[in-house]
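Each chain, letter by letter, is given below.
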Amino acid sequence: AQVRRDFPQRLHIAVSTRRPLAAVLHDGLLYLDETGVCFTKSEQKPSVDLPYISGLSGVPLDAPSTRSALDGVLRLLSLSRLWPEPLSEIHWDAQKGFTLFLEQRRVTVRLGWETAPEKFAQIGVVLAEWPKEAPAAVFDARFADQIVVRPYAGEGSSQGRALSRPL
């Protein structure tokens, strides 16, 4: 709500509704709207069916680096709609950049600071080829023009896995 008083006898009140796009874990639960503003919800039951944004605990939300990270989160949320699978979490690290976690597969996507649509398209191609029943893996997208896929150590057998065809 915004309140403005015009002298001598006028008061303007503007009320707007914010729609949360993600839940921000920052010294409690906040929500991020489409303009990049973090807010709290007044309702009793929190909205948990949203992607989580982690890595912001203990940092001021108005700091330039945090504002830049939240702008990156908004880009990532809009680009992730290109994928057939929704995001579970976006983790931000000041030194390493962004790491994404998918909702239905055990896949971690390391992006670094890359939020370009071309990189998302590359990851989308690899996701389309990656079997749904495949072991947990890391998709490292921090390299130019390639996505490096590494199964987690200890997943499945100790022998190396060979895919039926290269990605």
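The structure presented is a predicted model; accordingly, all values stated were derived computationally and were not measured.

**Focus on a nonpolar patch on the surface**
Working step 1: On the surface, a nonpolar cluster with roughly 440 Å² of combined accessible area is contributed by V3, L11, I13 and V15.
Working step 2: Summarising the element assignment, V15 is placed in the loop between β2 (10–14) and β3 (22–25).
Working step 3: Using a relative accessible area of 68% as the deciding quantity, one classes V15 as exposed.

**Section: unusual backbone geometry**
Working step 1: A cis geometry characterises the amide bond from F7 onward to P8, with omega recorded as 5°.
Working step 2: Relative to the helices and strands, P8 resides in the loop between β1 (2–6) and β2.
Working step 3: Of note in this structure, D27 is not a glycine but carries a positive phi near 45°.
Working step 4: Structurally, D27 can be placed in the loop between β3 and β4 (29–32).
Working step 5: Notably, D145 is not glycine yet its phi reads approximately 60°, a positive angle.
Working step 6: When you line up the elements, D145 lands in the loop between β10 (137–143) and β11 (146–151).

**So, the side chain of T99**
Working step 1: Considering the arrangement of structural elements, one finds T99 in strand β8 (residues 97–102).
Working step 2: According to the relative accessible area criterion, T99 is buried, its value standing at 15%.
Working step 3: Those residues within four positions of T99 in sequence are excluded, and the remaining contacts are E89, I90, H91, T108, V109 and R110.

**Observations concerning the environment of E133**
Working step 1: Position of E133 relative to the elements: it lies in the loop between α2 (117–129) and β10.
Working step 2: You can call E133 exposed: its relative accessible area is 69%.
Working step 3: Placed 28 residues apart in sequence, E133 and R105 show a C-alpha to C-alpha distance of 8.3 Å.

**Brief notes about the packing of aromatic side chains**
Working step 1: For the structure on display, the rule yields four aromatic pairs.
Working step 2: Ring centres 4.7 Å apart and planes at 20° place the aromatic pair W83 and F120 in the stacked group. Of the two residues, W83 sits in the loop between α1 (64–79) and β7 (87–93) while F120 sits in helix α2, which places them 37 residues apart along the sequence.
Working step 3: W83 gets classed as buried once you look at its relative accessible area, which sits at 6%.
Working step 4: For the ring pair W130 and F139, a centre distance of 5.6 Å and an interplane angle of 85° mean the geometry is edge-to-face. The same class applies to W130 and to F139, which are both buried.

**So, the confidence of the model for the chain**
Working step 1: Summarising the model, the chain shows a mean pLDDT of 85, and 87% of its residues fall at 70 or more.
Working step 2: Below a pLDDT of 50 lies the segment residues 157–167, which in the model reaches nine contacts outside its immediate sequence neighbourhood of four places, other chains included.

What counts, and where the lines are drawn
- Residues numbered from 1 in each chain as written.
- Predicted model: local features only at pLDDT ≥ 70, side-chain atom pairs only at ≥ 80, totals over all residues.
- Heavy atoms only, no water.
- Patch = residues over 30% accessible without salt bridge, like charges linked within 9 Å, V, L, I, M, F, W, Y side chains within 5 Å.
- Areas by Shrake-Rupley, 256 points an atom, 1.4 Å probe, with all protein chains shown as cover.
- Salt bridge = Lys/Arg side-chain N within 4 Å of Asp/Glu carboxyl O.
- Helix = DSSP H or I, 4+ residues; strand = E, 2+ residues; numbered from the N terminus.
- Buried < 20%, exposed > 50% of the residue type's maximum accessible area, 1.4 Å probe, protein only.
- Contact = heavy atoms within 4.5 Å.
- Phe/Tyr/Trp six-rings, centres within 6.5 Å; stacked < 30°, edge-to-face > 60°.
- pLDDT = per-residue confidence, 0-100.

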